[in-house]
Amino acid sequence: MPKNPFTRGHRRELSKRHKIAVAGVATLGAAAVVFSAVPGNAETTTSEATVSSAPVKYSSEQLKIRQADVSEQLAAKALQSKAAAEAKAAKAHAEAKAKAKAAAAAKKKAAHAAAAKKAAQARKAKAASRAAHRAKLKAAVHKSYANNLDGWIKESLDIMKSKGIPGSYNGLHRNILRESSGNPNAINNWDINAINGIPSKGLLQVIPPTFRAYHVAGTSWNIYDPVANITAAANYAADKYGSMDNVNSAY
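Residues numbered from 1 in each chain as written. Predicted model: local features only at pLDDT ≥ 70, side-chain atom pairs only at ≥ 80, totals over all residues. Heavy atoms only, no water.

Undergrad: Honestly, the layout of surface pockets in this entry has me stumped. Any pointers?
TA: Gaps left between atoms are located by rolling a probe of water-molecule size over the structure's atoms. The computed volume of the second largest pocket comes to approximately 240 Å³. Lining the second largest pocket are Glu179, Asn188, Asp191, Asn193, Ser200, Gln205, Val206, Ile207, Thr210, Tyr236, Ala250 and Tyr251. Its residues assigned to classes, the lining of the second largest pocket shows five nonpolar, five polar and two charged. (1 Å grid on protein atoms, 1.4 Å probe; cavity = no way out; pocket = protein on both sides within 12 Å on 5 of 7 lines; lining within 4 Å. Points joined across faces, edges and corners; volume = space filled by probe spheres on them. Nonpolar A, V, L, I, M, F, W, Y, C, P; charged D, E, K, R; others polar.)

So this is what it looks like as structure tokens:
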């Protein structure tokens, strides 16, 4: 009978190899257990991470589309900016126009107010002038003068003043006394004027042609009227001598 090939020594050698094999199998089993414990999407996650980290590549058509999109966005933004600028300019123009209109209206209102004030002042001044003139006329109408030489001279002087005829009380009084001694009906029938048919008459001995030529409006046309005679003679003396005050003899 042959010897048992599995001697004790051989058994030890086989046992060692078997141990190594068993250890390898165990290791592989453990690895399998570990991989089985990993979630089912682990592979997907890893691949996604790998893909996301890789650079994105576009085709020429895709690039053209993206460039068109960017151009449209820039154009839209430019249009928005332009519209905003135009709106701002329009608002500023409207505000400036409104301001100018308000200033023009204020200026026009001020001009109207000034014109109205000026017109009111002119009307007031004119009314005051008319009132003063009426008062003056009223005073002249109601002013009374004595019916004598003093009153005649004073009334004549007031008329002369209103007409701008120069002369003084003393100048008139002095010449009247020399010419007629204060007699309003005096007449000279002996001098050259009388010889010529135009005798001197009245307080200041005025010949009829001179009386008519220098008659003062508002006085009587009667040469013997004291006031009319004095005023016409004073008017003549002012024309020929500057004033009755300058007359000291026959004139």
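Undergrad: Is there a simple way to explain the side chain of Asn188 in this structure?
TA: Inspection of the secondary structure puts Asn188 in the loop between helix H5 (169-180) and helix H6 (192-195). At 3.0 Å, the side chain of Asn188 and the backbone nitrogen of Trp190 are in polar contact. Aside from chain neighbours lying at most four places away, what touches Asn188 is Ala194, Pro199, Ser200 and Gln205. (Helix = DSSP H or I, 4+ residues; strand = E, 2+ residues; numbered from the N terminus. Polar contact = N/O pair within 3.5 Å; in protein donor to acceptor, adjacent residues only side chain to side chain. Contact = heavy atoms within 4.5 Å.)

Undergrad: I keep staring at the nonpolar core and nothing clicks. Help me out?
TA: Soluble, globular proteins show a tendency: their nonpolar side chains are buried together. Counting residues in hydrophobic clusters, the biggest one holds 24 residues, and the most contacted among them are Ile153, Leu172, Ile176, Leu204, Ile230 and Met244. For this core, the elements supplying multiple residues, two or more each, are helix H4 (149-163), H5 and helix H8 (226-241). Looking at this core element by element, the count peaks at seven residues for H8. Leave out the neighbours within four places in its chain, and Leu204 touches Asn175, Ile176, Glu179, Asn229, Ile230, Ala233, Met244 and Tyr251. (Core = buried A, V, L, I, M, F, W, Y, C linked by side-chain atoms within 4.5 Å. Buried < 20%, exposed > 50% of the residue type's maximum accessible area, 1.4 Å probe, protein only.)

Undergrad: Help me understand H5 in this model?
TA: Given 3.6 residues per helical turn, the α-helix brings residues three or four places apart onto the same face. Taking 1.5 Å per residue, twelve residues should reach 16 Å; H5 reaches 16 Å between its end C-alpha atoms and fits that length. Listed as buried for H5 are Gly171, Leu172, Asn175, Ile176 and Ser180. The buried residues of H5 occupy an angular sector of 125° when projected down its axis, which confines them to one face. Trailing H5 by a residue or two, Ser181 shows a phi angle of about 60°, which is positive. (Expected span 1.5 Å × (residues − 1). Arc of directions from axis to C-beta.)

Undergrad: Looking at this model, I keep getting lost on the packing of aromatic side chains. Mind explaining?
TA: What describes a pair of aromatic rings is the distance from one ring centre to the other and the angle between the planes of the rings. In the structure shown here, the tally under the stated rule is two aromatic pairs. Where Tyr214 meets Tyr236, the ring centres are 5.3 Å apart and the plane angle is 80°; that geometry is what we call edge-to-face. In this pair, Tyr214 is assigned in the loop between helix H7 (208-213) and H8 and Tyr236 in helix H8, connecting sequence segments 22 residues apart. Assessed through its relative accessible area of 18%, Tyr214 is described here as buried. Here Tyr236 and Tyr251 contribute two aromatic rings whose centre-to-centre distance is 6.1 Å and whose plane-to-plane angle is 40°, an arrangement assigned as tilted. On the criterion of sequence distance, the pair formed by Tyr236 in helix H8 and Tyr251 in the segment after H8 is long-range, its members being 15 residues apart. Tyr236 gets classed as buried once you look at its relative accessible area, which sits at 16%. Three or more aromatic residues joined by ring pairs make a cluster, and in this case those are Tyr214, Tyr236 and Tyr251. (Phe/Tyr/Trp six-rings, centres within 6.5 Å; stacked < 30°, edge-to-face > 60°.)

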